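Okay, here's what each chain looks like letter by letter:
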Amino acid sequence: MLKFIRGKGQQPSAERQKLQRELFAFRKTVQHGFPNKPTSLAWDPALRLLAVGTASGAIKIFGKPGVEFYGQHSNHESAVTKIVFVPNEGRLVSLCDDNSLHLWEVNGSILEEVKEHSLEGKLKKISALCLESAREHLLLGTEGGNIYLLNLKTFNMSETIIYQDVVMQNVPEDYKINPGAVEAIAEQPGCPDKILIGYNRGLMVLWDRKAPGADQTYISSQQLESICWHKSGSRFTSSHNDGSYAVWDVGVGEKPLEEPNTIYGPFPCKAVTKFLWRQSKGDDYILFAGGMPRASYSDRHAITVQQGKKHVVFDFTSKIVDFFTIAIEGEDPEFGEPDTLIVLLEEELVAIDLLSEDWKMLSLPYLVSLHASAVTCSQHISNVPVQLWEDIISAGKKQVQDLYSTREWPITGGVILSEKENGKEDNNEEPEVTRNLLLTGHEDGTVRFWNASGIALQPLYKFASAGLFSGDEIGGDGSNGVADDDEEEWPPFRKVGTFDPYSDDPRLAVKKVVLCPLTGTLVVAGTAGSVIVAKIGSEQVEKEVKVTTMNVVSDRDGFVWKGHDQLTPRSGNISLPPGFQSSAILQLHPPAAVTALVLHSEWGLAAAGTAHGLALFDFVRHKGVLTKCTLNPNDLSGAGDAPISRRKSFKKSLRESFRRLRKGRSTRHADKRGTGTSPTAEKKRDGGGDASTPSSAPLSPVEPKPVERQVEARPVDDGQGSMVRCLYFARTYIISVQSMTPTLWAGTNNGTVFVFTITVPGGQKRTEEDVSCQLGKEIQLKHRAPVISVSILDGASVPLPDPLEVERGLAKQVDTGTPHRVVICSEEQFKIFTLPSLKPFCKFKLTAHEGSRVRRVGFAAFSTSRPDSSTQYTESCLLCLTNLGDCIVLSVPELRRQLNAAVIRREDINGISSLTFTKNGEAFYLHSSSELQRITLSASTITQPRCCLELPEGARPKATETDEEDMEDEDEDEEEGDEEKGDEGKIEGRESAAPSPTAQEVQAIPPTVNGDTDHAEPIVQEPDEPKENGTEEDRHDMSALSVGDITIDSVKDHLMTSSEENRITEIKNERLEFSTRTETQSVVKTTVISSGTTISSRKAPLAKMEDLEIEITM
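Residues numbered from 1 in each chain as written. Predicted model: local features only at pLDDT ≥ 70, side-chain atom pairs only at ≥ 80, totals over all residues. Heavy atoms only, no water.

From N to C terminus, the protein includes 17 helices and 66 strands. Counting only residues that meet the buried cut, the protein has 52% of its 1114 residues in that class. Of the contacts made within the protein by residues no fewer than 6 positions apart, 62% connect residues no fewer than 24 positions apart. Carbon together with sulfur atoms contributes 47% to the accessible area of the protein, which is approximately 51800 Å² in total. (Helix = DSSP H or I, 4+ residues; strand = E, 2+ residues; numbered from the N terminus. Buried < 20%, exposed > 50% of the residue type's maximum accessible area, 1.4 Å probe, protein only. Contact = heavy atoms within 4.5 Å. Areas by Shrake-Rupley, 256 points an atom, 1.4 Å probe, with all protein chains shown as cover.)

This is the structure in structure tokens:
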């Protein structure tokens, strides 16, 4: 059993375990960005809600900024093909690719599935949906031609079926044979008993459901795509696959009022896939998708909007999924005059303001495309100063002042609970609470600034680096998406949207970005060895940007760079708009991609690392300070002058193999010969103390080491070993304990850490004298594992504050009473050394114990309020993401595991490589190429939607007696749950989205929300705990807290304290159960774990079953 125990030391006290639960908890909170692969769109005009369905079965509902609801179908492989809102009820019906229908309700702050119904058979494949105006039934048109009715109260099929054979009785003989699938169904305005049925081959029938019978038949020679009524109900339009549309009079069926109109003819055109006809006080609006000439513009994704002589073809960069119009308030919600056009595309959402004179785009408060250009890196900044925040917002508004309309966002549904509790919240106070920035670097050389303070991720500003460089492939300043009007062009295209996946030059891609919020200094490093330093400015300036070149391999004469060329900086004065204005450019040679970047704005220094070495740059004096080449001097294979000798390489590999064999054999013999190695000898051999046993902790006399995987030493001549993986500035004790020295730490891929000492002139001398730097110390890790991170803890075991934080009163003074410690994190282990002696203090072996490797490291402060104190209790902890997608929280300096959470699927390489930790225990990672998933590891820092819907009294109809009888026949057991559930609290005479009787039947089953079903473990919810959007996520049960604390003694104690009577009863029950199955003798194995502890089977194999088995003989 003991060989599976990973932790060492005494079991945490009950008080410590309680504190851990108050500090640490994992949950997925909110998703930012644009849904991946959207497939459907819906609009609730009564509650003003927008819904989006995706190819992975997710449903997302959006109202006003901050109102979001997530749902996930159980079948991830089935796309949501259609969504229909039941207006003003907070309910919607989704149709999936597998021909299943699902009823969803917004109850409280969550979206939950309450009913499901499936149709089987190819002829019953649903091809069209139409909701009755009475909202009692949903009409389902099928590929077989029949129309079925779905009762929305019971979610069962009605006995009434509109058979195709019956509809075809008065139809011409040509269409009776096979009119095709039901392509569209539309209820006649003002006549709810009459529906217009459109069949695939072009036949349309006005069907009177009351009679029943066909009132009129309409025949088109072209394949039908869509139909749309005029508000009057006397006319309708049909659109067809040849790019035409026709207007029909209800009473005339032989032919349309006018000849079919092919706007972009006469040559063959693409199909008009959807057509909308909206009434207006002036000329009516005509909107349709498609219809472009096949020969010239078949690759265009366009929507045409016409109003009288005004004619615009909105040209998008990705495929159109669906679109709808929002009517002016007070107008008919479906056919009234529109004020906004909402278009869902495969890669973005676009809103057009139809009230503005030139039909400008509306700025999106959410669903913004993160991936307008592919995301390459990110950084999170907490507590941004007010002045910088305002400067960024001001500069961002100037960038888009001619691009977007100033009208408010029209989708305003839902209520934010905090606003409801505190009254109307003052918008001016919101930035005072928290100002957090998320910076994303992109493939096109831009850095985008996002407001990450709340639920909605809002774009603030964009820094573009392409304007600093010249070249044939790099375009000019561009129009930034502004429409390029050409009066003579036909069709009259206008480019809209922000999604632009194409980069002018791949060398522009941003690899690293660092922002100092206190000085407003931004450093951006690219793929071609360029490092840009920019400072915030509020006025437009025109100046020359100085360029400094530093040769990293200057001491390697034989090196020849065979990669891409560097970007050519622009010469002369450059006009720099308000915002971040470039002041210096550092160009590294060779122009390889920058792999590490660090900034110290107080010292005026920046350092960049590549695969060949590192460079220290003084951006105050625009001078290079130091270059350090990390290439192996004996191996210049990159030079290409001397080809590698295959024979020599083979000999070397054989030699290494025999060495490993001898080493492994000797290790095995040593294990067999003796086990009396003293703990002191163990410590000396490992080069340090134990990961979980600091010097202050008492040692147990019988504590064998956990079984470790053998981690092979890496070859010295690894081709990627020279890559600089991390850089770190710190003022700490490195020479003596008497004085602190400015230092630069650099970690490489082959496990080497270089420590440089820096001399920075003070005061006025800073601009007059040079900064000097020299190599102070060098550390070589035993297994040569890549060094991911280097950080320094002060005497209070708190990471050193960022530059100028102490001076500005944002951080406590650095504790210098006790020695500092440096935390060196490699891919395989965490190790802490005492400074300046670099004596090992303790370590935590991750790879040896668990087989995973470190991918991301960060520090965060976890806080909780203590009942016995008015102040907050705070702990600084080390955060780690592994290559298996697990996030681990370790205490410092003891390196004891506090939390272990499975966050990202191990197959999701992009998600793991993109994760960014924040300083308050949250993290962001790319859930897909277009959306970020936000998580928290803190029990107190939770950013999630707290919202609800206010429904009118009696908005959700209760099932009638007949409906209840039908439901009872279907499942009698479900009835019991209805009586136990009462009406939820009403607020000021309005229902706050209380569950309907249908929902109450299935509330025992926890809903799947927030789009995450990765964890299939049952979720236990406290009865008094209110449901919130996102809380159904796998909130971590602190299983890792006691993984290392279960011992044989604790199990024995638990067994001894169990009541003997309970055990006898349990044995009798087991015996009775087994006697019904078999009469043979059997053995039941029971694993007993100390109460209150839950162990994840994947994370913590506790013990051999033989050590804990109880034999029960029947």
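Assignment of secondary structure puts Ser280 in the loop between strand 21 (272-278) and strand 22 (285-290). At 3.3 Å, the side chain of Ser280 forms a polar contact with the backbone nitrogen of Gly282. In contact with Ser280, not counting residues within four places along its chain, are Tyr285, Gln307 and Glu337. (Polar contact = N/O pair within 3.5 Å; in protein donor to acceptor, adjacent residues only side chain to side chain.)

The next thing to look at is the pattern of salt bridges. What the rule picks out here adds up to 28 salt bridges. Here Glu89 makes a salt bridge to Arg91, at a shortest N to O gap of 2.9 Å. Each member of the pair, Glu89 as well as Arg91, carries the same accessibility label: buried. Between Lys919 and Glu805 there is a salt bridge, with the nearest N and O atoms lying 3.9 Å from each other. With Lys919 in the loop between strand 61 (916-917) and strand 62 (922-926) and Glu805 in the loop between strand 53 (787-793) and strand 54 (821-826), this pair connects stretches of sequence that are 114 residues apart. Exposure remark for Lys919: the relative accessible area of 45% places this residue in the partly exposed category. The exposure class assigned to Glu805 is buried, which follows from its relative accessible area of 18%. Salt bridges sharing common partners tie together Arg725, Glu827, Glu828, Arg853 and Arg855. (Salt bridge = Lys/Arg side-chain N within 4 Å of Asp/Glu carboxyl O.)

Here the focus is the state of the cysteines. In the structure shown here, the tally under the stated rule is zero disulfides. Of the cysteine sulfurs around Cys887, a residue in no disulfide, the closest is that of Cys880, at 7.7 Å. (Disulfide = S-S within 2.5 Å.)

What follows is about the sheet that holds strand 24 (residues 310-316). Here five strands make up an open sheet; going across it, the order is 21-22-23-24-36 and the pairing mixed. Edge positions in the sheet fall to strand 21 and strand 36 (493-495), since each of these pairs with one other strand and no more. Strand-to-strand twist of the sheet, defined as the mean angle between neighbouring strand axes without regard to direction, takes the value 20°. Here six bridges tie strand 21 to strand 22, and the two strands are oriented antiparallel to one another. Paired with Arg278 across the two strands is Tyr285, which belongs to strand 22. (Pairing = 2+ DSSP bridges. Axes fitted to C-alpha atoms, helices over the stretch in contact; angles between N-to-C directions.)

Okay, the sheet that holds strand 50 (residues 741-748) next. The strand order across the open sheet built from four strands is 49-50-51-52, with neighbouring strands paired in antiparallel fashion. Pairing within the sheet leaves two strands with one partner each, and these edge strands are strand 49 (724-732) and strand 52 (772-780). For this sheet the average axis-to-axis angle between neighbouring strands, irrespective of direction, equals 20°. Pairing geometry for strand 51 (residues 752-759) and strand 52, over eight bridges, is antiparallel.

It is worth spelling out helix 1 (residues 14-23) at this point. Within the sequence span of helix 1, burial applies to Leu19, Gln20 and Leu23. Across the axial projection of helix 1, the buried residues extend over an arc of 105°, all falling on one side. Considering only its buried residues, helix 1 is in contact with strand 1 (24-33), strand 57 (854-865), strand 58 (872-882), strand 60 (897-902) and strand 63 (931-938). (Arc of directions from axis to C-beta.)

What follows covers the nonpolar core. Leu437, Leu439, Phe449, Phe463, Leu522 and Phe580 are the most contacted members of the largest nonpolar core, which has 32 residues in total. Apart from residues lying up to four places away in sequence, Leu522 is in contact with Leu439, Phe449, Phe463, Val513, Val514, Leu515, Ile532, Val533, Ala534 and Phe580. Of all hydrophobic cores here, the second largest spans 28 residues; its members include Phe324, Ile342, Leu367 and Phe924. (Core = buried A, V, L, I, M, F, W, Y, C linked by side-chain atoms within 4.5 Å.)

Moving on to the packing of aromatic side chains. We describe a pair of aromatic rings using the distance from one ring centre to the other and the angle between the two ring planes. Tallied over the entire structure, the rule returns 22 aromatic pairs. Summarising the aromatic geometry, the rings of Tyr218 and Trp248 are spaced 6.0 Å apart at their centres and angled 70° between planes, so their arrangement reads as edge-to-face. With Tyr218 in strand 17 (residues 213-219) and Trp248 in strand 20 (residues 245-249), this pair connects stretches of sequence that are 30 residues apart. Seen in terms of ring centroids, Tyr245 and Phe288 are 6.2 Å apart; in terms of plane orientation they differ by 40°. Their pairing is tilted. One end of the pair, Tyr245, is in strand 20; the other, Phe288, is in strand 22, with 43 residues separating them in the sequence. (Phe/Tyr/Trp six-rings, centres within 6.5 Å; stacked < 30°, edge-to-face > 60°.)

A word on unusual backbone geometry. Geometrically, the link from Gly265 to Pro266 is a cis peptide bond, its omega value of 5° lying close to zero. Topologically, Pro266 is positioned in the loop between strand 20 and strand 21. A positive phi angle is found at Trp359, which is not glycine, with a value near 50°. Along the polypeptide, Trp359 turns up in the loop between strand 27 (349-353) and strand 28 (361-362).

Counted at 1.5 Å a residue, the expected span for helix 5 (residues 386-400) with its 15 residues is 21 Å, and the 22 Å between its end C-alpha atoms agrees. Of the positions making up helix 5, those classed as buried are Leu388, Trp389, Asp391, Ile392, Ala395 and Gly396. Down the axis of helix 5, the buried side of the element spans an arc of 165°, and every buried residue falls inside it. (Expected span 1.5 Å × (residues − 1).)

Quick look at the environment of Trp43 now. Residue placement: Trp43 occurs in strand 2 (residues 38-44). Exposure remark for Trp43: the relative accessible area of 13% places this residue in the buried category. It is 9.5 Å that separates the C-alpha atoms of Trp43 and Ile411, two residues lying 368 residues apart in sequence. Once residues within four sequence positions are removed from consideration, Trp43 is found in contact with Arg48, Leu49, Leu50, Phe85, Phe324, Thr325, Ile326 and Ile411.

Attention now goes to the environment of Glu89. With respect to the helices and strands, Glu89 occurs in the loop between strand 6 (80-86) and strand 7 (91-96). Distance from Glu89 to Arg956, taken between C-alpha atoms, is 5.6 Å for residues 867 residues apart in sequence. For Glu89, the side chain forms a polar contact with the side chain of Arg91, separated by 2.9 Å.

Our next topic: the pairing of strand 53. Burial runs high along strand 53: seven of the seven residues are buried. Bridge count between strand 53 and strand 54: six bridges; the pairing is antiparallel. Residue pairing in the sheet places Ser791 in a bridge with Val823 of strand 54.

Let's shift gears to the side chain of Gln898. Within the secondary structure layout, Gln898 lies in strand 60. A polar contact is formed between the side chain of Gln898 and the side chain of Arg16, at a distance of 2.8 Å. Here the side chain of Gln898 touches Arg896 through a polar contact of 3.1 Å, landing on its backbone oxygen.

Within the secondary structure layout, Cys726 lies in strand 49. Sequence-wise, Cys726 and Val598 are 128 residues apart; in three dimensions their C-alpha atoms are separated by 8.4 Å. If near-sequence neighbours (up to four positions away) are discounted, Cys726 is found in contact with Ala596, Trp745, Ala746, Gly747, Val787, Ile788, Ser789 and Val790.

Along a regular strand, successive side chains alternate from one face of the sheet to the other. Of all six residues that make up strand 59 (residues 886-891), six are buried, and the element is covered over most of its length. Both faces of strand 59 are covered, namely the face carrying Asp886, Ile888 and Leu890 and the face carrying Cys887, Val889 and Ser891. Sheet analysis places strand 58 next to strand 59, joined by five bridges and oriented antiparallel. Looking at the pairing, Leu881 lines up with Cys887 of strand 59. With five bridges joining them, strand 59 and strand 60 adopt antiparallel strand pairing. In the sheet register, Asp886 faces strand 60, and the bridge partner there is Ala902.

On to a nonpolar patch on the surface. Together, Leu654, Phe658 and Leu661 give the surface a local cluster of nonpolar side chains, amounting to about 290 Å² of exposed area. For Leu654, the location among the structural elements is in helix 8 (residues 646-673). (Patch = residues over 30% accessible without salt bridge, like charges linked within 9 Å, V, L, I, M, F, W, Y side chains within 5 Å.)

Moving on, we come to the confidence of the model for the protein. Looking at the protein as a whole, its pLDDT mean stands at 80, while 75% of the residues score no less than 70. Note that residues 970-991 has pLDDT below 50 and, in this model, 31 contacts with residues that lie over four places away or in other chains. Within the model, pLDDT remains below 50 along residues 1070-1114, and this stretch shows 70 contacts once partners closer than five positions in the same chain are excluded. (pLDDT = per-residue confidence, 0-100.)

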